Amino acid sequence: MNRILRHNWTFSEIEEIYQRPLLTLIFEAASVHREFFNAKEVQVSQLISVKTGGCPEDCHYCPQAARYNTNINKHALMTVAEVTTIAKEAKANGRTRLCLGAAWREVKDNAQFDRVLEMVEAVNAEGLEVCATLGLLEEHQALRLKEAGLYAYNHNIDTSEENYGSIISTRKFSDRLRTLENVRKAQITVCCGGILGMGESEADRIKMLTTLATLTPHPESVPINTLIQVAGTPLGDKELEPVPIWDLVRMVATARIVMPSSYVRLSAGRIQRSFQDQALCFLAGANSIHAGDKLLTTPNNRDTDDMAMFDILGLKPQAQSFQHGQPHSLHA
Ligand code: SAM
Ligand code: DTB
Ligand code: SF4
């Protein structure tokens with residue numbers, strides 16, 4: 001049965017799903033997952049930080065904000081040749097998607113942006129799906145990225161609108177939503193999610209899901225990050241409770257049920273999770289990971305571990321993305 005995609009979810013409807021008995025929630029999410037995807041396949045995406053550090057924003061979680069004293073290897077914008085070499089390696093390692101990340105507040109119409117456009121073309125030429133995350137974007141810039149062959153744009157809302165001001169003060173939640181609209185206008189697919197573990201309430205998490213699930217169309221991918229506490233950042237230096245696996249599983253399962261045709265991606269924080277923890281997330285509908293030894297600046301799960309985990313769980317890296325919104329005929 002193909003479930004109809006809904007974009008009119010209310011907070012209370014999503015809350016009711018989120019609060020279901022955990023095993024019922026996982027079972028329902030697993031069933032929905034199988035209506036829309038081949039549940040044996042996981043999309044494997046890799047990140048490259050093409051410009052690291054020195055960002056003028058004040059995102060309290062981020063090691064790349066210039067105003068915090070963090071121990072990262074800052075570097076200026078990479079050359080197209082450097083990115084091409086990394087893309088070739090990624091392709092040889094079986095990746096299907098490469099995401100170019102830049103520590104910018106916003107894209108500016110300058111030579112640096114021209115170079116990023118060339119990078120997008122170069123990564124495309126290697127036969128990889130190209131994603132970018134470059135900060136705030138105007139419509140004409142989104143159109144140029146589309147022309148260069150960009151497949152997806154990552155721009156997270158991170159938390160609820162109500163909690164946003166306690167995490168970031170240099171831009172507004174509405175600025176993020178406007179960029180997402182510009183990405184849509186250029187017919188680039190949207191990758192948008194958030195971060196758990198920044199001291200937010202359960203209601204904030206459900207509100208964030210409500211914002212995502214009422215976007216029309218839904219973001220094609222929804223990354224679920226858990227805060228990586230980096231020393232020197234305001235949230236890195238704060239005493240925070242680690243996110244229980246049960247909360248992550250609830251978040252993944254609820255995202256799967258309310259946005260059934262979207263990829264739900266385990267992103268930052270996966271390194272802290274055991275194979276068993278990740279198995280529960282895959283059962284609850286996660287079907288994408290960020291792989292590679294490094295995310296943008298922080299360590300990530302080792303490839304050999306990920307492959308061993310896939311072997312144990314009977315999962316395999318997905319060869320190619322599905323058409324968004326198309327149910328998959330292979331049921332696990
Ligand atoms: N500057 C661009 C922007 O803010 O959209 C792109 C890069 S930014 C690093 C991409 C995303 O990484 C952020 O929106 C946030 O969700 C995530 N992120 C950054 N630092 C993190 C951390 N310490 N723990 C978890 N997620 C983090
Ligand atoms: C997303 O949601 N998570 C990725 C990607 N999109 C760009 C980034 C995670 C960054 C974690 C901290 C770091 O490595 O600097
Ligand atoms: Fe800059 Fe993005 Fe980090 Fe915020 S999350 S400080 S915008 S790089």
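Structure's up top.
Residues numbered from 1 in each chain as written. Chains lettered and ligands numbered in written order. Predicted model: local features only at pLDDT ≥ 70, side-chain atom pairs only at ≥ 80, totals over all residues. Heavy atoms only, no water.

**What to know about the site of ligand 2**
In the vicinity of ligand 2 there are 14 residues, among which Asn 156, Asn 225, Leu 296, Thr 297 and Thr 298 approach most closely. In this structure, Asn 154 approaches ligand 2 through a side-chain N or O atom, which is 3.4 Å from a nitrogen atom. Contact distances for ligand 2 include 3.0 Å between a nitrogen atom and a side-chain N or O atom of Ser 267. Its free accessible area being 410 Å², ligand 2 has 89% of it covered by the protein chains. Residue classes in the shell around ligand 2 are distributed as 6 nonpolar, 8 polar and no charged. (Near = heavy atom within 4 Å. Polar contact = N/O pair within 3.5 Å; in protein donor to acceptor, adjacent residues only side chain to side chain. Areas by Shrake-Rupley, 256 points an atom, 1.4 Å probe, with all protein chains shown as cover. Nonpolar A, V, L, I, M, F, W, Y, C, P; charged D, E, K, R; others polar.)

**With respect to the state of the cysteines**
Tallied over the full model, the rule gives 0 disulfides. Free cysteine: Cys 99, not disulfide-bonded; nearest cysteine sulfur from Cys 131 at 3.4 Å. On the accessibility criterion, Cys 99 (3% relative accessible area) is buried. Cys 191 supplies the cysteine sulfur nearest to Cys 192, a cysteine that is in no disulfide, at a spacing of 7.5 Å. Cys 192 sits in the buried class, given a relative accessible area of 0%. (Disulfide = S-S within 2.5 Å. Buried < 20%, exposed > 50% of the residue type's maximum accessible area, 1.4 Å probe, protein only.)

**Regarding the packing of helix α1 (residues 11-18) against helix α9 (residues 245-258)**
Contact geometry for α1 and α9: axes closest at 9 Å, N-to-C directions at 130°. When the axes of α1 and α9 are compared, the pair comes out oblique. Relative to α9, α1 is oriented so that their crossing is right-handed. For the pair formed by α1 and α9, the contact residues are Ile 14, Ile 17 and Tyr 18 on the first element and Asp 247, Arg 250, Met 251, Thr 254, Ile 257 and Val 258 on the second. Of the residues belonging to the contact of α1 with α9, the class tally is 6 nonpolar, 1 polar and 2 charged. (Axes fitted to C-alpha atoms, helices over the stretch in contact; angles between N-to-C directions. Helix = DSSP H or I, 4+ residues; strand = E, 2+ residues; numbered from the N terminus. Parallel < 35°, antiparallel > 145°, perpendicular 65-115°, else oblique. Left-handed = near helix turned anticlockwise from the far one by under 90°. Contact = heavy atoms within 4.5 Å.)

**Some words on helix α3 (residues 80-92)**
The end-to-end C-alpha separation of α3 is 18 Å, in line with the 18 Å expected for 13 residues at 1.5 Å each. Taken as a whole, α3 has its buried residues at Val 80, Val 83, Thr 84, Ala 87 and Ala 90. Axial view of α3: buried residues confined to an arc of 125°, hence all on one face. Along α3, exposed side chains directed more than 90 degrees from the buried face belong to Ala 81 and Ala 92. The inward-facing, buried residues of α3 abut β1 (41-51), β2 (97-102) and α4 (111-125). Immediately downstream of α3, the backbone of Gly 94 shows phi near 85°, a positive value. (Expected span 1.5 Å × (residues − 1). Arc of directions from axis to C-beta.)

**Some remarks on the pairing of β1**
With respect to burial, β1 is a largely interior element, 11 of its 11 residues being buried. Sheet analysis places β1 next to strand β10 (residues 316-317), joined by 2 bridges and oriented parallel. Within β10, the residue paired with Val 42 across the bridge is Pro 317. Two strands pair when backbone bridges link them, and β1 and β2 are joined in this way by 6 bridges, in the parallel orientation. The residue of β2 that forms the bridge with Lys 51 is Ala 102. Each parallel crossover has a hand, and the one from β1 via α3 to β2 is right-handed. (Pairing = 2+ DSSP bridges. Right-handed = clockwise from strand over helix to strand, strands pointing away.)

**With respect to the site of ligand 3**
Taken together, the residues surrounding ligand 3 are Cys 55, Glu 57, Cys 59, Tyr 61, Cys 62, Ala 65, Ala 103, Trp 104 and Arg 171. Here the residues of the shell around ligand 3 sort into 7 nonpolar, no polar and 2 charged.

**Some details on the environment of Ser 201**
With respect to the element layout, Ser 201 can be found in the loop between β6 (194-196) and α8 (202-213). Among the residues examined, Ser 201 registers a relative accessible area of 33% and is labelled partly exposed. Distance from Ser 201 to Ser 160, taken between C-alpha atoms, is 9.5 Å for residues 41 residues apart in sequence.

**Here we look at the pattern of salt bridges**
With the rule as written, the count across this model stands at 20 salt bridges. For Glu 16, the salt bridge identified is with Arg 20, shortest N-O distance 2.9 Å. Among the charged side chains, a salt-bridge network with shared partners connects Glu 57, Arg 105, Glu 106, Lys 108 and Arg 171. (Salt bridge = Lys/Arg side-chain N within 4 Å of Asp/Glu carboxyl O.)

**Side note on the packing of aromatic side chains**
The full count for this structure, using the stated rule, is 3 aromatic pairs. Ring geometry for Phe 282 versus Phe 310: centroids 6.4 Å apart, planes at 85°, classification edge-to-face. Taken together, the positions of Phe 282 in helix α10 (residues 275-283) and Phe 310 in helix α11 (residues 303-313) put the pair 28 residues apart, joining distant regions of the chain. Residue class for Phe 282 comes out buried when judged on its relative accessible area of 7%. A relative accessible area of 2% places Phe 310 in the buried class. (Phe/Tyr/Trp six-rings, centres within 6.5 Å; stacked < 30°, edge-to-face > 60°.)

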